[in-house]
Amino acid sequence: MPVKITERDALLIIDVQNDFCPGGALPVPHGDEVVPIINRLSPLFHCVVLTQDWHPREQLSFASRHAGKEPFSTTQVAYGEQTLWPDHCIQGTEGAAFHKDLDINHAQLILRKGFRQEIDSYSAFQENDRATKTGLSGYLRELGVDRVFFAGLAYDYCVRHSAVEARAAGFEAVVIEDACRAIGLGESVEATHREFLSCGVGQISADEFV
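Residues numbered from 1 in each chain as written. Predicted model: local features only at pLDDT ≥ 70, side-chain atom pairs only at ≥ 80, totals over all residues. Heavy atoms only, no water.

**Some details on helix H3 (residues 155-168)**
- Counted at 1.5 Å a residue, the expected span for H3 with its 14 residues is 20 Å, and the 18 Å between its end C-alpha atoms agrees.
- Taken together, the buried residues of H3 touch strand E1 (9-14), strand E5 (109-113), strand E6 (147-153), strand E7 (172-181), helix H4 (188-199) and strand E8 (202-204).
- Positive phi shows up at Gly 170, right after H3, with a value of about 100°. (Helix = DSSP H or I, 4+ residues; strand = E, 2+ residues; numbered from the N terminus. Expected span 1.5 Å × (residues − 1). Contact = heavy atoms within 4.5 Å.)

**As for the layout of surface pockets**
- Here the largest pocket defines a volume of roughly 330 Å³.
- Contributing to the lining of the largest pocket are 16 residues, with Glu 81, Gln 82, Tyr 122, Asn 128 and His 161 lying nearest its centre.
- Mapped by element, the contributors of at least two residues to the lining of the largest pocket are strand E4 (80-83) and H3.
- Broken down by element, the lining of the largest pocket gets its largest block of residues, five residues, from H3.
- Within the lining of the largest pocket, the residues separate by chemical class into three nonpolar, seven polar and six charged. (1 Å grid on protein atoms, 1.4 Å probe; cavity = no way out; pocket = protein on both sides within 12 Å on 5 of 7 lines; lining within 4 Å. Points joined across faces, edges and corners; volume = space filled by probe spheres on them. Nonpolar A, V, L, I, M, F, W, Y, C, P; charged D, E, K, R; others polar.)

**As for the state of the cysteines**
- For the structure on display, the rule yields zero disulfides.
- The thiol of Cys 89 is not disulfide-bonded; the next cysteine sulfur, from Cys 158, is found 9.0 Å away.
- Residue Cys 158 is classed as buried on the basis of its relative accessible area, which comes to 8%. (Disulfide = S-S within 2.5 Å. Buried < 20%, exposed > 50% of the residue type's maximum accessible area, 1.4 Å probe, protein only.)

**Concerning empty space enclosed by the protein**
- Here the structure, examined in full by the defined rule, presents one cavity of 30 Å³ or more.
- There is about 130 Å³ of room inside the largest cavity.
- In terms of lining residues, the largest cavity is bounded by 15 residues, among which Phe 20, Asp 53, His 88, Tyr 122 and Cys 158 are the most central.
- For the lining of the largest cavity, the class distribution of residues is nine nonpolar, three polar and three charged.

**Notes on the environment of Ala 124**
- Counting through the fold element by element, Ala 124 comes out in the loop between E5 and helix H2 (136-142).
- In this structure, the C-alpha to C-alpha distance between Ala 124 and Gln 52, residues 72 residues apart in sequence, is 9.2 Å.

**Section: the packing of aromatic side chains**
- Applying the stated criterion across every chain yields a total of nine aromatic pairs.
- Taken together through their ring pairs, the aromatic side chains of Phe 72, Trp 85, Tyr 122 and Tyr 157 make up a single cluster. (Phe/Tyr/Trp six-rings, centres within 6.5 Å; stacked < 30°, edge-to-face > 60°.)

**Re the environment of Ser 64**
- Topologically, Ser 64 is positioned in the loop between strand E2 (47-53) and strand E3 (74-77).
- The class of Ser 64 is exposed, set by a relative accessible area of 54%.
- Separated by 22 residues in sequence, Ser 64 and Pro 86 have C-alpha atoms that sit 7.3 Å apart.
- Within the structure, Ser 64 has its side chain in polar contact with the side chain of Asp 87 (distance 2.7 Å). (Polar contact = N/O pair within 3.5 Å; in protein donor to acceptor, adjacent residues only side chain to side chain.)

What follows is the structure in structure tokens.
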């Protein structure tokens, strides 16, 4: 069924940054392919929000901070299990900048996340300790938004957590699947599909918009 956008809808564009695109420090396979799709869809929305990974150099989630640990392994931190990543999206660097072809001029808000040294943040709504809020829920409610569409990187991490947390916050959540790309660690994509089904997160394609 065709999807009609209203003033109560928002588009949340997740982490379309250089380090997550080919040639970056933590490249999502084919990550740059989402850019033209997002550029085509975003003018349909009255409310557009961008998220930006914005890490300090000594961020807890970097494998370089943990002796003997390799990127993509896991470790236990104060708030539970944490995947360890290559150093990426460091504040003020070119890697943290948005992809040069991403059209962001009409976005109302850029939400930076992961800027605390001791807490990583996948979700746009709360950080990985599952207690520290970003304030996005309140912002969207003040604008009268009740349905949030998601696009960007990576489908199985930051898009996944943002969509699931949107549902937990009381919003309708819809992921534009072909406007996302996945990292694909182990069974992360399959786990994302299962969680979306259990939480009531919808999935559509970009061609379904009218």
